[in-house]
Amino acid sequence: MIIDLLTYIARFVLLILLQLLVVNNLELTTYINPFIYIIFILSLPVNMKPWIVLIVSFFTGLVMDSFYSTPGLHMGATIFMGYLRGFYLRIAANKEDFETSVSPSIADKGIVWFLVYALTLTLSHHLFLFFFEVYSFFEFFRTLLRITSSALFSVLLIVIGELLFFRKTKTR
Amino acid sequence: MRNLIYFLYKYYTFLLFFALEMFSVIILYRYNNYQKANFLNFTGGIASQFYETVNNTTNYFSLREINDSLLTENARLRGQLLNAYYQNGLAQTSINDTVYKQQYTYVAANVVNNSIMQRNNYITIDKGAAHGIKPDMGVIGSNGVVGIITSVSEHYSTIRSALNSNTKISCMFKKNNAFGSLEWNGDDPKFSMLKYVNKHVEVTMNDEIVTSNYSTLFPQGIPVGKVYSHLIEADDNFYNIKVELNTNFSTLKNVYVIVNFMKEEQLKVEATNKSDN
């Protein structure tokens, strides 16, 4: 239990450093702004209580907001995603997953399942984030383009991250 | 009562989600509209300290560029010194001049964090309230306009960069003082759009754009950029002007915060106008 907690804290710090020091400095174009720190919420165990997921999302967003100096923006997006995650898992995960503490990873659920899962939730996160960032529908299609291109790139990075760091299958 | 408790128990996840989401949207909304929430203070400036540590390390890799830009600026300023001019007159007596009263001073600061590819970009600098910086002050670089101060902590401030959907800077043409508003469309960090320039104004390529005298944030005539392209839609009254920005935001290291001593006075006079009508 304590080991689990320490692993999660270490993963959290590592992902934030990765986001701030590496991914933010990619600066490809204004249309590709990947956010990979959401991998932390994506990789929480399937059977974690929904309210804990919400609180974790809240704190993840709060930490990101203080680094981006955008109060409420990342917080709103991560809470939105954390809530949808519960819905998605209720439909897409089977009973066994809820009984054992499986985390939704490529190693445990397979590449196709994970791609659909990651893409759906990343899109929901980016949809909230980018629209609230612009705060208007004046640039609707440009924002939509920014959302899809950024989400695709985020998912690409997330999958690479999964393959690099989450290779070990959990023994049950 | 029991029903209420049952209801709360059944939907507690949704209720928690709703409460947290409302909370974040409310502080987001407040921050966007009034710039009052002092978020830097709220998070204890940890983020700024983190960025400064990172910046102290990465700065070593660009020392040459920083030196070059400071040298060119020094040379330009040296040219404006009094002893760079030939004294074309007899010895003058010094008098206490009441015609010229100092209106602006500048606080030099270093950029510790900067982004250019987001839709709303922010810059963090290493000077704050302790150095006399307050929210809503203008910020310029050695080449031109950079942005506007949004929040201030004791030793750090954040700047809403000109590359931000909420930043609008009052500008004019250097040649004929025609006004416009500089707004970024989120496309390319090298270019910005100049809006609301009336169609009877004559616009040509490479016209210089400077800050206007309407603004209380910037002194008149601070360079902003050059006209890159311009067109006018058939049934439109205003130009679509693309401006090539003078400031290179991707290599920004040194900036100056503008302190305007007469800002309160100007705003006070303008406020009396508003209450009239």
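These remarks concern the structure in this document. What you see is a predicted model, and the numbers here were worked out from it, not measured in a lab. (Residues numbered from 1 in each chain as written. Chains lettered and ligands numbered in written order. Predicted model: local features only at pLDDT ≥ 70, side-chain atom pairs only at ≥ 80, totals over all residues. Heavy atoms only, no water.)

### Some details on the sheet that holds strand 8 (residues 191–195) of chain B
Residue and element names in this part refer to chain B.
For step 1, the next point in the chain: Strand order in this closed barrel of six strands is 6-7-8-11-10-9, and the pairing throughout is antiparallel. Adjacent strand axes in the sheet meet at a mean angle of 40°, parallel and antiparallel pairs treated alike.
For step 2, the next point in the chain: Of the pairings in the sheet, the one linking strand 10 (residues 223–231) to strand 11 (residues 240–245) comprises six bridges and is antiparallel in character. Following the sheet pairing, L231 is matched in strand 11 by N240. (Pairing = 2+ DSSP bridges. Helix = DSSP H or I, 4+ residues; strand = E, 2+ residues; numbered from the N terminus. Axes fitted to C-alpha atoms, helices over the stretch in contact; angles between N-to-C directions.)

### Focus on the interface of chain A and chain B
For step 1, the next point in the chain: Contact with chain A, which involves 39 residues of that partner, is made by 40 residues of chain B.
For step 2, the next point in the chain: Surface buried jointly by chain A and chain B totals about 3,500 Å² across both partners, of which 67% is contributed by carbon and sulfur atoms.
For step 3, the next point in the chain: Where chain A touches chain B, the interface holds zero salt bridges.
For step 4, the next point in the chain: For the pair chain A and chain B, the interface holds eight residue pairs in polar contact (both at pLDDT 80 or more).
For step 5, the next point in the chain: Among the secondary structure elements, those contributing two or more residues to the side of chain A that touches chain B are helix 1 (2–22), helix 3 (50–68), helix 4 (73–92), helix 7 (111–134) and helix 8 (140–165) of chain A.
For step 6, the next point in the chain: Among the elements that make up the side of chain A that touches chain B, the one with the highest residue count is helix 3 of chain A (ten residues).
For step 7, the next point in the chain: In the side of chain A that touches chain B, the residues fall into 24 nonpolar, eight polar and seven charged. (Contact = heavy atoms within 4.5 Å. Buried area = accessible area lost by both parts, 1.4 Å probe. Salt bridge = Lys/Arg side-chain N within 4 Å of Asp/Glu carboxyl O. Polar contact = N/O pair within 3.5 Å; in protein donor to acceptor, adjacent residues only side chain to side chain. Nonpolar A, V, L, I, M, F, W, Y, C, P; charged D, E, K, R; others polar.)

### As for the sheet that holds strand 2 (residues 122–125) of chain B
Residue and element names in this part refer to chain B.
For step 1, the next point in the chain: Taken together, six strands build a closed barrel; the order of strands is 1-2-5-4-3-12 and the barrel is antiparallel. Ignoring which end each strand starts from, the neighbouring axes of this sheet average 45° apart.
For step 2, the next point in the chain: Bridge count between strand 3 (residues 138–140) and strand 12 (residues 254–260): two bridges; the pairing is antiparallel. Bridge assignment links V139 to a residue of strand 12, and that residue is V257.
For step 3, the next point in the chain: Running over the sheet, helix 4 (residues 46–58) touches strand 1 (104–114) and strand 2 and is turned about 80° from strand 1.

### Concerning the packing of helix 1 of chain A against helix 3 of chain A
All names here are of chain A.
For step 1, the next point in the chain: Viewed as axis vectors pointing N to C, helix 1 and helix 3 meet at an angle of 30°, and their least axial separation amounts to 12 Å. When the interaxial angle is binned, helix 1 and helix 3 end up roughly parallel. Crossing of helix 1 over helix 3 shows right-handed handedness. In this structure, helix 1 contributes F12, I16, Q19 and L20 to the contact, and helix 3 contributes T60, V63, M64, F67 and Y68. (Parallel < 35°, antiparallel > 145°, perpendicular 65-115°, else oblique. Left-handed = near helix turned anticlockwise from the far one by under 90°.)

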